[in-house]
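Observations on chain architecture
Take a look at the letters that make up each chain.
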Amino acid sequence: MNRDAVKSSEIELNAYAKINLSLYVLSRRADGYHDIKSFMQGINIFDTLKIKTKKINNYNYNCFFSETNIYLFSANRNIPLTADNLAVKGAISVVRAISGRYNLTDLMKERGADCISIEIDKKLPVAAGIAGGSGNAAAVMLGVNHLLGNPLSMRELMDVGVKVGADVPFSIMMNTYLNADELEGLPKIEEASSAAIVSGIGEVVEAVEPRPYFVILFNPSIAVSTKEVYEAIDRKLEDTDYAQREVDINLFYNDLELYTLANYEEVQSLVSRIRENLQADEVLMSGSGPTVAAYYTEYTRFEADYKALESARWVEPTWRYWKTKSGGHDVWS
Ligand SMILES: C[C@@](CO)(OP(=O)(O)O)[C@H](O)COP(=O)(O)OP(=O)(O)OC[C@H]1O[C@@H](n2ccc(N)nc2=O)[C@H](O)[C@@H]1O
Ligand SMILES: Nc1ncnc2c1ncn2[C@@H]1O[C@H](COP(=O)(O)OP(=O)(O)O)[C@@H](O)[C@H]1O
C-alpha cells in the first residue's frame, strides 16, 4: 500500500444501478441461497454518496455505530437509517477487512481522523431489482478503501462484499469502472468493466464487453422482496429437466419474472402495457423486480417512444420512468 498516495479526506461517488439482461436460477444450495448465471450491466441512473474521514465535530447524523465510528446521514425515509443500511454494512465490512492486515488506528491518525461519515443522496427506487442498496454498499467500500490509501484491491473488495449482499461483487466491479477517475490508484482497477457474466450466488464475476442499448426503465412504485421471489422458484427447481436445461446467456430471459408477474398485478400490467404500446426490441423485468426495462437498438424509435410517454394515457401517474442507456461511458456520451 502506498500510504502517501491518497491524503484527501472526502470522496464523492455515483452508485450506479444494474440491470439483468439474462438471469437463470440453476440450483438451490444447502444454505438457502441459489446458484445463478446472469448477464449484468451498469445503467446510467445512480445515487450519489459522499464518504469522509474526519474528526468527530458534529452530531448532525441519523445514527452512529460505535464499533467503527461510522456516521450515516440521508434525507430519504425509505431506507433504514440503522445498522441494517447496506452502506453501513459495507463500511463495517471493509473496515474489518482492513483492520485484519493494517493498524486502522494508525491509518486514521495519519489522516487526522477518528470517524467515517456517509451521506446518501438516494434517487433510485428501493427493493426494485436494480441493486440500489448493493450499489450504496459498493460505493462506500470503494470510498473508504480509497480514503485509507487503497490497502485492498478491487478483487479483494469484491470477496469481502459478497458477505454484505450477493449483488455487491458485481456492483463493486461496475462502479469501479464507472467511477474510475475518482478511484485512481485502486489496485487491479484495469480489470473492471461495466458488464459481466455473474455466477455462483454472485461472487464469480467475469468481466465482458458491454452490450450497448438505449433503455426506458419503468418502476411501478411498489417494493418486491428478493428473498420471497427466490423462495418461490424452489418448486420449479425440483423438476430436473428444468434445473439441467441449457442456458443461453445472450438471450433476454429472466427466471424470476414468472413469479413476480404472476403475484404482483402491477408488474404484469406494466409489462403488458409496455409490450402493447411501445416499439422496444425487448422487454424484460430486472432481477427479482418490479423494475422493467424496455431495450432499443434504434435511437429514433427509443426517442419517439420516450416522447410519447408524456401524454400517454396507459402510463399510471404512480409509475416512475427513466430514459437511459446501458453499457459504459463510451456508449453514454
Ligand atoms: C435477484 C438479484 C439478481 O441480480 O438481484 P435483485 O433483484 O436483488 O436486484 C440478486 O441475485 C439478488 O442479490 P441481493 O439482492 O444482493 O441478494 P442478498 O441481499 O444477498 O439476498 C437476499 C435474499 O435473496 C436470496 N438469494 C439471493 C441471492 C442468491 N443468489 N440466491 C438467493 O437465494 C436469499 O434468500 C437472501 O436471503
Ligand atoms: N442504502 C440502501 N439503499 C437501498 N436499500 C437499502 C439500503 N440499505 C438497506 N436497504 C434495504 O435493502 C433491501 C434491498 O434494497 P435494494 O438494494 O434497493 O433492492 P434491489 O437489489 O432489489 O434493487 C430493501 O429492503 C432496503 O430496505
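Residues numbered from 1 in each chain as written. Chains lettered and ligands numbered in written order. Predicted model: local features only at pLDDT ≥ 70, side-chain atom pairs only at ≥ 80, totals over all residues. Heavy atoms only, no water.

1. Structural notes on unusual backbone geometry
Cis geometry marks the peptide bond from Gly-289 to Pro-290; its omega dihedral reads 5 degrees. Secondary-structure assignment places Pro-290 in the loop between strand 10 (282–285) and strand 11 (292–296). A positive phi angle, near 55 degrees, is found at Asn-150, a position not held by glycine. As for its placement among the helices and strands, Asn-150 is situated in the loop between helix 3 (132–147) and helix 4 (154–161). For Lys-188, which is not glycine, the phi torsion reads 75 degrees and is therefore positive. Inspection of the secondary structure assignment puts Lys-188 in the loop between helix 5 (168–178) and strand 6 (195–200). (Helix = DSSP H or I, 4+ residues; strand = E, 2+ residues; numbered from the N terminus.)

2. Re the packing of helix 1 (residues 86–99) against helix 3
Between helix 1 and helix 3, the shortest axis-to-axis distance is 7 Å and the interhelical angle comes to 35 degrees. The way helix 1 lies across helix 3 gives a crossing that is right-handed. Counting all contacts with helix 1, which are made through Leu-86, Ala-87, Gly-90, Ala-91, Ser-93, Val-94, Val-95 and Ile-98, the residues of helix 3 involved are Gly-133, Ser-134, Asn-136, Ala-137, Val-140, Met-141, Val-144 and Asn-145. The residue inventory of the contact of helix 1 with helix 3, partitioned by class, reads 10 nonpolar, six polar and no charged. (Axes fitted to C-alpha atoms, helices over the stretch in contact; angles between N-to-C directions. Left-handed = near helix turned anticlockwise from the far one by under 90°. Contact = heavy atoms within 4.5 Å. Nonpolar A, V, L, I, M, F, W, Y, C, P; charged D, E, K, R; others polar.)

3. Considering a negative patch on the surface
A surface patch of negative charge is lined by Glu-10, Glu-12, Asp-181, Glu-182 and Glu-184. On the secondary structure map, Asp-181 appears in the loop between helix 5 and strand 6. Residue classification places Asp-181 among the exposed positions, given a relative accessible area of 70%. (Patch = residues over 30% accessible without salt bridge, like charges linked within 9 Å, V, L, I, M, F, W, Y side chains within 5 Å. Areas by Shrake-Rupley, 256 points an atom, 1.4 Å probe, with all protein chains shown as cover. Salt bridge = Lys/Arg side-chain N within 4 Å of Asp/Glu carboxyl O. Lys, Arg positive; Asp, Glu negative; His and termini not counted. Charge placed at Lys NZ, Arg CZ, Asp CG, Glu CD. Buried < 20%, exposed > 50% of the residue type's maximum accessible area, 1.4 Å probe, protein only.)

4. Observations concerning the site of ligand 1
The full set close to ligand 1 counts 21 residues, and His-34, Ala-166, Asp-167, Tyr-230 and Ser-288 are the nearest of them. The side chain of Asp-167 places a nitrogen or oxygen atom 2.8 Å from an oxygen atom of ligand 1. One of the side-chain N or O atoms of Tyr-230 is found 2.7 Å from an oxygen atom in ligand 1. Elements with a contribution of two residues or more to the shell around ligand 1: strand 1 (10–28), strand 2 (34–54) and helix 6 (226–237). (Near = heavy atom within 4 Å. Polar contact = N/O pair within 3.5 Å; in protein donor to acceptor, adjacent residues only side chain to side chain.)

5. Remarks on the UniProt feature "domain: GHMP kinase N-terminal" (unreviewed entry) in the protein
UniProt annotation of "domain: GHMP kinase N-terminal" (unreviewed entry) refers to residues 107–173 when read in the numbering used here. For residues 107–173, the end-to-end C-alpha separation is 25 Å, with 51% helix and 10% strand making up the annotated structure. (UniProt positions renumbered as here; feature names shortened; annotations may be inferred.)

6. A closer look at the environment of Thr-82
Positionally, Thr-82 belongs in the loop between strand 4 (70–74) and helix 1. Residue Thr-82 is classed as partly exposed on the basis of its relative accessible area of 37%. The spatial distance from the C-alpha of Thr-82 to the C-alpha of Glu-238 is 38 Å, given a sequence separation of 156 residues.

7. Some details on the domain arrangement of the protein
Structurally, the protein comprises domain 1 (10–207) and domain 2 (213–332). One C-alpha centre belongs to domain 1, the other to domain 2; they are set 25 Å apart. Every contact between the two is made by 34 residues of domain 1 and, on the other side, 41 residues of domain 2. Roughly 3,000 Å² is buried in total at the junction of domain 1 and domain 2, and carbon and sulfur atoms are behind 60% of that figure. A salt bridge links Arg-28 to Asp-234; the shortest N-O distance between them is 3.1 Å. Applying the counting criterion to the domain 1 and domain 2 interface returns 19 residue pairs in polar contact (both at pLDDT 80 or more). Elements represented by at least two residues in the side of domain 1 that touches domain 2 include exactly strand 1, strand 2 and helix 5. Here the element with the most residues in the side of domain 1 that touches domain 2 is strand 1; it accounts for 12 residues. Considering only residue class, the side of domain 1 that touches domain 2 consists of 20 nonpolar, 10 polar and four charged. (Domains from an automatic or database assignment. Buried area = accessible area lost by both parts, 1.4 Å probe.)

8. Concerning the UniProt feature "active site" (unreviewed entry) in the protein
Residues annotated in UniProt with the feature "active site" (unreviewed entry) correspond here to Lys-18 and Asp-167. Spanning 150 residues, the annotated positions come together in the fold, the maximum distance between their C-alpha atoms being 9.2 Å. Looking at Lys-18, the relative accessible area reads 3%, which means it is buried. Discounting chain neighbours no more than four positions away, the residues touching Lys-18 are Met-40, Gln-41, Gly-42, Ile-43, Gly-129, Ile-130, Ala-131, Asp-167, Phe-170, Met-174, Ser-286 and Gly-287. Only 2.6 Å separates the side chain of Lys-18 from the side chain of Asn-20, close enough to count as a polar contact. Inspection of the secondary structure puts Asp-167 in the loop between helix 4 and helix 5. On the basis of relative accessible area, Asp-167 is assigned to the partly exposed category, the value being 22%. Beyond its immediate sequence surroundings of up to four residues, Asp-167 is in contact with Lys-18, Met-40, Ala-131 and Ser-134.

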